[in-house]
Amino acid sequence: MTTAHSSSEATRVLAQTSVFSHPDMSIDPPHEQVVFCRDAETGLRAIIAVHNTALGPALGGTRMYPYAAEADAVGDVLRLSRGMTFKSAAAGLDLGGGKAVIIGDPAVHKSPDLLRAYGRFVDTLGGRYITAGDVGTTSDDMDLIGEGTSYVASKTVAGGGWGDTAPMTALGVFYSLLAAAERVWGSADLTGRTVGVEGVGKVGVQLADLLTGAGATVLAADPYAPAREAFAARFPQARIVDDVRSAQLDVYAPCAMGGTVTETLAGETAAAIICGAANNQLTSPSVEQVLGARGVTWVPDYIANAGGVIQAFGEQQNWTRDRAQEKVEALRDRAGHVLDTAASKKITCGDAARLIVAERLSQAR
Ligand SMILES: NC(=O)C1=CN([C@@H]2O[C@H](COP(=O)(O)OP(=O)(O)OC[C@H]3O[C@@H](n4cnc5c(N)ncnc54)[C@H](O)[C@@H]3O)[C@@H](O)[C@H]2O)C=CC1
Ligand SMILES: O=C(O)CCC(=O)C(=O)O
């Protein structure tokens, strides 16, 4: 799940392996189903990956992104969908793991008809896959997708859904960070701590709001000028930098694309804690050894960022919003449990999180 490939490496991997033995598809448990969707009229090219349905239907968002190569899209959707199995299992939800990608630049290629066509493809899976938002998609897009299928969460409130999942995702990350702070610094008080928020899109902005409310100093970075401008207008006191990773941080909060926690970053970061919303943050599990040797605490991404899927599940199950929020706030205890297990068993936080997942999946089997 955490293996990242550069574009040329991904192309080589795809060319030299059969799809069934793709390195991101054959890890235990292997993917159940991958669907390639094309609609010539709207230009839609999408891939839906259903990783595992042992615990329930596969729920996960749709990412729209201008992948440099198709192989990058394949690798991304395989890793993201597997992460969803882990996320929902660890969060105690009766959901499997799935995710989808639409190949294209949302600013250029997204259209209502493309989203409706995509919704019709989601519908062909008959509920094995339930979609929601991710990078490059919004609740308004879910309304359009919802014209083609009922298997969609996080439509707008006006459209009959619960709206954007980003605030709940940010809340879960924030509570997970409090759990880490208590263990690393002996206090959950973030006053005066400097947090580098990388990516101030839907989740990053919400996280910055919580952090500034808790007295932390936020440093932000985002290559997308409109995101930077909206951020600067909302948080005039926060500093925007080109690169948060090399800054003097107490906490690094990756909230953009995955694969930023490399061995180099692990060996150099000034941060004592890494806790953010981005999916698939580590370039490989071995990065955790480097973090561990330097005493850097990493809260596994799929533990900290489960707020969105909890909201989407609550919406599907007709929970009250209060019940969903309580579940998200409970991520503080879950993250704490992972960190405590890692410390007592002398294993990495990633391994401690995988123990919870393995137990739930083995019960389902
Ligand atoms: N939306 C949600 O509820 C959830 C999101 N996530 C994950 O959280 C991350 C962020 O998601 P969203 O906020 O929804 O996406 P978004 O698309 O709204 O925001 C992402 C932001 O990151 C910026 N970005 C891209 N590359 C960057 C870089 N190298 N450095 C700094 N910023 C960069 C983009 O310009 C954009 O503003 C993604 O990895 C997503 O998969 C995980 C769980 C739920
Ligand atoms: O947050 C969502 O909207 C759905 C869950 C998801 O796709 C994720 O957690 O990455």
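Residues numbered from 1 in each chain as written. Chains lettered and ligands numbered in written order. Predicted model: local features only at pLDDT ≥ 70, side-chain atom pairs only at ≥ 80, totals over all residues. Heavy atoms only, no water.

So, the layout of surface pockets
In this approach, a probe sized like a water molecule rolls over the atoms, and the result shows the empty space that is left. In this structure, the second largest pocket encloses a volume near 300 Å³. If you trace the second largest pocket, you find 17 residues lining it, with Val-296, Thr-297, Ala-342, Ile-347 and Cys-349 closest to the centre. For the lining of the second largest pocket, the secondary structure elements donating two or more residues are helix H6 (166-185), helix H10 (287-293), strand E12 (297-298) and helix H14 (331-345). Among the elements that take part in the lining of the second largest pocket, H14 stands out by supplying four residues, more than any other. Each residue belonging to the lining of the second largest pocket can be placed in one class, and the counts come to nine nonpolar, four polar and four charged. (1 Å grid on protein atoms, 1.4 Å probe; cavity = no way out; pocket = protein on both sides within 12 Å on 5 of 7 lines; lining within 4 Å. Points joined across faces, edges and corners; volume = space filled by probe spheres on them. Helix = DSSP H or I, 4+ residues; strand = E, 2+ residues; numbered from the N terminus. Nonpolar A, V, L, I, M, F, W, Y, C, P; charged D, E, K, R; others polar.)

Observations concerning the domain arrangement of the chain
For the chain, the assigned domains read domain 1 (7-84 + 95-145) and domain 2 (166-364). If you look at the interface, domain 1 gives 18 residues, while domain 2 gives 12 residues. The contact between domain 1 and domain 2 buries some 1,300 Å² in all, and 68% of this surface belongs to carbon and sulfur atoms. Three residues stand out in domain 1 for area buried against domain 2, namely Leu-55, Leu-59 and Leu-95, and they jointly supply 34% of the buried area on that side. Across the domain 1-domain 2 interface, the total number found is zero salt bridges. When residues of the side of domain 1 that touches domain 2 are assigned to their parent elements, the largest contribution, four residues, is made by helix H2 (residues 70-90). For the side of domain 1 that touches domain 2, the residue count by class is 10 nonpolar, four polar and four charged. (Domains from an automatic or database assignment. Contact = heavy atoms within 4.5 Å. Buried area = accessible area lost by both parts, 1.4 Å probe. Salt bridge = Lys/Arg side-chain N within 4 Å of Asp/Glu carboxyl O.)

Section: the site of ligand 2
Around ligand 2, a shell composed of Gly-60, Gly-61, Met-84, Lys-87, Lys-99, Ala-132, Gly-133, Thr-165, Asn-279, Gly-308 and Val-309 is seen. Contact between ligand 2 and Gly-133: an oxygen atom at 3.4 Å from a main-chain N or O atom of the residue. In the model, an oxygen atom of ligand 2 is placed 2.8 Å from a nitrogen or oxygen of the Thr-165 side chain. In isolation ligand 2 exposes 290 Å². Once the protein is present, 94% of that is buried. Looking at the shell around ligand 2, the elements with two or more residues in it are H2 and helix H12 (307-316). Looking at the shell around ligand 2 residue by residue, the classes come out as three nonpolar, six polar and two charged. Three or more residues apiece are contributed to the shell around ligand 2 by two domains, here domain 1 (7-84 + 95-145) and domain 2 (166-364). (Near = heavy atom within 4 Å. Polar contact = N/O pair within 3.5 Å; in protein donor to acceptor, adjacent residues only side chain to side chain. Areas by Shrake-Rupley, 256 points an atom, 1.4 Å probe, with all protein chains shown as cover.)

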